[in-house]
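Residue strings, one per chain:
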Amino acid sequence: MKVVSVINYKGGVGKTSLTANLAAELAFRGKRILVMDLDAQASLTFSFIKPDEWQNSFASSKTIKTWFDESDGGAQISLKDLCHKPERVNSALPHDSTLDIIPSHLGLINVDLELATRLGGANLSQSKKNFISVHRMLADGLDDIRATGLYDIVLIDCPPNFNIVTKTAIIASDYILVPTRPDELSTLGIDYLMRSIGELLKDYNDYVKVVSNDSKDFDEISPIVVGVVFTMVQEYAGEPMSAQKTYIKKLQTESDLAIFDSYIKRNDTVFAESPVYGVPVVLNSYSNVSHQSVVDGLEAVATEFLEKLGE
Ligand SMILES: Nc1ncnc2c1ncn2[C@@H]1O[C@H](COP(=O)(O)OP(=O)(O)OP(=O)(O)O)[C@@H](O)[C@H]1O
Ligand SMILES: [Mg+2]
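Residues numbered from 1 in each chain as written. Chains lettered and ligands numbered in written order. Predicted model: local features only at pLDDT ≥ 70, side-chain atom pairs only at ≥ 80, totals over all residues. Heavy atoms only, no water.

On to the overall build of the protein chain. The helix and strand inventory of the protein chain stands at 13 helices and eight strands. Compactness check: the protein chain gives a C-alpha radius of gyration of 19 Å against a globular reference of 19 Å for 311 residues, within 12% of the reference. With the C-alpha coordinates of the protein chain rotated into their principal frame, the extents come out at 65 × 45 × 30 Å. The buried share of the protein chain, reckoned over its 311 residues, is 53%. (Helix = DSSP H or I, 4+ residues; strand = E, 2+ residues; numbered from the N terminus. Rg over C-alpha atoms; globule rule 2.2 N^0.38 Å. Buried < 20%, exposed > 50% of the residue type's maximum accessible area, 1.4 Å probe, protein only.)

So, in structure tokens, the structure goes:
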């Protein structure tokens, strides 16, 4: 089971749309997929589950918030009890497909504050232990899911910030996937994101040695950056328009990160509609040529993603 975090702390760059479409396309191709929504905005959740269904059937006890809340000692529920098969997208998939979701909750924002209070310690050694136990929460929680053998790939949709919940996703991940828009501010943010991830991993790997000497034995970790995917690309004559091309070229030449050759095209109509129907764009087929070319681009991104994962 491979765990992939979709992250960029720049808002609105297409993280959630990429997660939903990648999940749907990979499930269509026979991969067994679980998506986890770690964003308090719950956009991924509402892309698959209708708000009134979420309110009636999930809000009180079946979201990732419940899991974080109950992981504070007490009777702990298992992440595997939160996996839900959303109906509308699954009815658009072949009947033996697997696409499940662990939904988020608008109150997840408070979980971060609660986790922060658990980080302190009476001395340095205790703080390091607390750092590891808080940051490993999701990694350990996912062991239950791994043990079921039900999923090939877990995609985690991260919020546009670098709070503790986001950090637990990075620590739990084998891979990191970074969507970005081809513009100045979005591409600048990638450098900063990479530095923050580097610092988190350095602290984790330092502290884990201390904790491991003690009672438990944890390995150092080094999640792989699968690459940067450009989103919302506007084409002109079959190519990214020149202003965007500048940023794509710049990142390709200046960054040592892998950059996807394929990209997600911008189309306000199809992306605005899809959450209403609960079925990501990539599973639709369109008679309109420009709409269909959006689907082709998404499929190409999925193919490249699988190659990069060695799947
Ligand atoms: N390729 C696209 N073309 C046009 N609109 C898009 C495209 N991808 C996403 N959008 C729209 O842009 C908005 C932001 O997309 P999305 O929610 O995927 O970004 P995000 O990075 O997850 O945002 P946040 O940081 O708030 O979590 C949404 O309204 C979505 O429908
Ligand atoms: Mg999002």
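So, about the site of ligand 1. Surrounding ligand 1, one finds 17 residues, the nearest of these being Gly12, Lys15, Thr16, Ser17 and Lys265. Threonine 16 places a side-chain nitrogen or oxygen 2.8 Å from an oxygen atom of ligand 1. Here ligand 1 has 630 Å² of accessible area as a free molecule, and 78% of this is covered by the chains. More than half of the atoms of ligand 1 fall within 2 Å of the grid points belonging to the largest pocket. A total of three residues in the shell around ligand 1 trace back to one element, the largest contributor, which is helix H1 (residues 15–28). Classifying every residue of the shell around ligand 1 gives five nonpolar, seven polar and five charged. (Near = heavy atom within 4 Å. Polar contact = N/O pair within 3.5 Å; in protein donor to acceptor, adjacent residues only side chain to side chain. Areas by Shrake-Rupley, 256 points an atom, 1.4 Å probe, with all protein chains shown as cover. 1 Å grid on protein atoms, 1.4 Å probe; cavity = no way out; pocket = protein on both sides within 12 Å on 5 of 7 lines; lining within 4 Å. Sits in = over half its atoms within 2 Å of the grid points. Nonpolar A, V, L, I, M, F, W, Y, C, P; charged D, E, K, R; others polar.)

A pair of packed helices can be characterised by two numbers: the angle between their axes and the separation between those axes. Between helix H8 (residues 137–148) and helix H9 (residues 164–172), whose axes approach to 7 Å, the crossing angle comes to 55°. Put simply, H8 runs oblique to H9. Between H8 and H9, the contacting residues are Leu138, Ala139 and Leu142 on the first element and Thr168, Ala169, Ile171 and Ala172 on the second. Split by residue class, the contact of H8 with H9 holds six nonpolar, one polar and no charged. (Axes fitted to C-alpha atoms, helices over the stretch in contact; angles between N-to-C directions. Parallel < 35°, antiparallel > 145°, perpendicular 65-115°, else oblique. Contact = heavy atoms within 4.5 Å.)

Turning our attention to the pairing of strand S4 (residues 153–157). Most of S4 sits inside the fold, with five of its five residues counted as buried. Both faces of S4 are covered, namely the face carrying Ile153, Leu155 and Asp157 and the face carrying Val154 and Ile156. Strand direction decides the pairing type here: strand S1 (residues 2–6) and S4, joined by five bridges, are parallel. The residue of S4 that forms the bridge with valine 6 is aspartate 157. Judged from the five bridges that link them, strand S2 (residues 32–37) and S4 form a sheet pairing that is parallel. Residue pairing in the sheet places methionine 36 in a bridge with isoleucine 156 of S4. (Pairing = 2+ DSSP bridges.)

Attention now moves to empty space enclosed by the protein. As enumerated under the stated definition, the model contains one cavity of 30 Å³ or more in all. Looking at the largest cavity, its volume works out to about 30 Å³. Lining of the largest cavity is provided by Leu18, Asn21, Leu22, Leu298, Val301 and Ala302. Taken together, the residues that form the lining of the largest cavity break down as five nonpolar, one polar and no charged. (Points joined across faces, edges and corners; volume = space filled by probe spheres on them.)

For the rest of this paragraph, the subject is the sheet that holds strand S6 (residues 224–230). In spatial order, the strands read S3-S2-S4-S1-S5-S6; together these six strands make up an open sheet with parallel pairing. The sheet is open, and its two edges are formed by strand S3 (98–102) and S6, each paired on a single side. For this sheet, the mean inter-axis angle between neighbouring strands, taken without regard to orientation, is 20°. The strands touched by H8 are S1, S2, S3 and S4; relative to S2, the strand with the most contacts, the crossing angle is about 150°.

Looking at soluble globular proteins, one finds that nonpolar side chains tend to be buried together. Membership of the largest hydrophobic core comes to 56 residues, with the highest contact counts inside it found for Met36, Leu38, Ile64, Phe68, Leu79, Leu138 and Ile156. In terms of residues, this core owes the most to one element, helix H10 (residues 184–214), which gives nine residues. Residues in contact with isoleucine 156, not counting those within four places in the same chain, are Val3, Val4, Ser5, Val6, Met36, Leu38, Leu138 and Ala169. Ranked by size, the runner-up nonpolar core spans 44 residues in total, among them Ile101, Leu177, Phe271 and Tyr286. (Core = buried A, V, L, I, M, F, W, Y, C linked by side-chain atoms within 4.5 Å.)

Now for the environment of glutamate 299. Mapping glutamate 299 onto the fold places it in helix H13 (residues 289–309). Sequence separation between glutamate 299 and phenylalanine 271 is 28 residues; the distance between their C-alpha atoms is 15 Å. Excluding residues within four positions of it along the chain, glutamate 299 makes contact with Glu25, Arg29 and Val282.

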